[in-house]
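# Residue-level structure breakdown
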Amino acid sequence: KQEVTQIPAALSVPEGENLVLNCSFTDSAIYNLQWFRQDPGKGLTSLLLIQSSQREQTSGRLNASLDKSSGRSTLYIAASQPGDSATYLCAVVGETSGSRLTFGEGTQLTVNP
Amino acid sequence: GAGVSQSPRYKVAKRGQDVALRCDPISGHVSLFWYQQALGQGPEFLTYFQNEAQLDKSGLPSDRFFAERPEGSVSTLKIQRTQQEDSAVYLCASSLVAGGIPVYEQYFGPGTRLTVT
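First, a word on what this report is: a plain description of the structure on this page. Per chain, residue numbering runs from 1 following the sequence as it is written. For this description, chains carry letters from A and ligands carry numbers from 1, given in the order in which they are written. This being a predicted model, a pLDDT of at least 70 is required before a residue's local features are given, and a value of 80 or more before pairs of side-chain atoms are given or counted; all residues contribute to the totals for chains, interfaces and linings. Water and hydrogen atoms were dropped before computing side-chain values, which therefore reflect all heavy atoms in the structure.

### Considerations on the state of the cysteines
Disulfide: a pair of cysteine sulfur atoms within 2.5 Å of each other. Under the counting rule described, the total for this entry stands at 2 disulfides over all chains. Two residues share a disulfide in this structure: Cys23 of chain A and Cys90 of chain A, whose sulfurs sit 1.9 Å from each other. Across the disulfide from Cys23 of chain A to Cys90 of chain A, rotation about the S-S bond amounts to roughly 75°, and the bridge is consequently right-handed. Of the two residues, Cys23 of chain A sits in strand 3 (residues 19-25) while Cys90 of chain A sits in strand 9 (residues 86-94), which places them 67 residues apart along the sequence. Among the residues examined, Cys90 of chain A registers a relative accessible area of 0% and is labelled buried. The disulfide partner of Cys23 of chain B is Cys92 of chain B, and the gap between their sulfur atoms is 1.8 Å. Measuring the twist about the S-S bond at about -65°, one finds the Cys23 of chain B-Cys92 of chain B disulfide to be left-handed. Within this pair, whereas Cys23 of chain B is found in strand 3 (residues 19-24), its partner Cys92 of chain B is found in strand 9 (residues 88-95), the two being separated by 69 residues in sequence. Taken as a pair, Cys23 of chain B and Cys92 of chain B share a single burial class, namely buried. A helix here means a DSSP run of H or I that spans at least four residues, while a strand means a run of E at least two residues long, and both kinds are numbered starting from the N terminus. Remark: exposure states derive from per-residue accessible area (1.4 Å probe, protein chains only) relative to the maximum for the residue type, with buried under 20%, exposed over 50%, and partly exposed in between.

In structure tokens form, the structure reads like this:
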């Protein structure tokens, strides 16, 4: 059964810092990996989608990398801002799990002004 | 264009009542998913539709949970005889498909927060 782990569970940084969020998954047979952010009381906003054949994806200040063989992904946030404060979730679609996403428990990020 | 919408946004039910949660996916999205999110946890898969066909319902926690998508667009998740452990946020997502391979992003609605008292 696929398990997704995110470290750290919570992170507090001063504004302007570059930071890295980590995600690991136990079964490397995946179609893709997706990073989301979730604001309190809201749904999930898709940030980046990385296909299994890709190594990284970039969107603005965000860069996500994927090392499928070792079961790891990182989300790099450059020059963090208070508006980045949210919970960040990673999720994978496994090759043997249909089309469902399997989620980690998230990293709660606070960026202090 | 419009995103995924869900209604109601909040629902309070007395234990034993039946509830129905609605999801309107993005127009043209063939795939539709329901997830359940407990407080402080990541979402957990409930069920998946491709058009009107329910291809996977392995995540439904009990036979009190039932989902349908009769015309391949709007979907309803029904919970019968609600219990306190059903209290959670219910999220709906939709996506495109390509030859049966899930290569596209899933887009999520705002969720319905269900509280069973």
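### A closer look at the nonpolar core
In plain words, nonpolar cores are sets of buried Ala, Val, Leu, Ile, Met, Phe, Trp, Tyr and Cys residues tied together by side-chain atoms within 4.5 Å. In terms of nonpolar packing, the biggest core is built from 23 residues, with Phe25, Leu33, Trp35, Leu75, Ile77, Tyr88 and Leu109 of chain A touching the most fellow members. Elements represented by at least two residues in this core include exactly strand 3, strand 4 (30-38), strand 5 (44-51), strand 7 (62-67), strand 8 (72-77), strand 9 and strand 11 (107-112) of chain A. With 20 residues, the next largest nonpolar core counts Val19, Leu46, Phe49 and Cys92 of chain B among its residues.

### Some points on the sheet that holds strand 7 (residues 65-68) of chain B
Residues and elements named next belong to chain B. On the basis of which strands lie adjacent, the open sheet formed by 4 strands has the order 1-3-8-7 and antiparallel pairing. Of all strands in the sheet, those with a lone pairing partner are strand 1 (5-7) and strand 7, marking the two edges. For this sheet, the mean inter-axis angle between neighbouring strands, taken without regard to orientation, is 15°. Across 5 bridges, the pairing between strand 3 and strand 8 (residues 75-79) is antiparallel. Bridged to Cys23 within strand 8 is Ser75. The rule for pairing is simple: two strands pair if DSSP sees at least two bridges between them. Every axis corresponds to a line fitted to the C-alpha atoms, with the helix fit spanning only the stretch in contact, and the corresponding angles, defined between N-to-C directions, vary from 0 to 180 degrees.

### Observations concerning unusual backbone geometry
A cis amide bond links Ile7 of chain A to the next residue, Pro8 of chain A, at an omega of 0°. By the secondary structure assignment, Pro8 of chain A is in the loop between strand 1 (4-7) and strand 2 (10-14). With an omega of -10°, the peptide bond running from Ser7 of chain B to Pro8 of chain B counts as cis. The residue Pro8 of chain B is located in the loop between strand 1 and strand 2 (10-13) in this model. Within the chain, Asn51 of chain B stands out as a residue other than glycine whose phi angle is a positive 55°.

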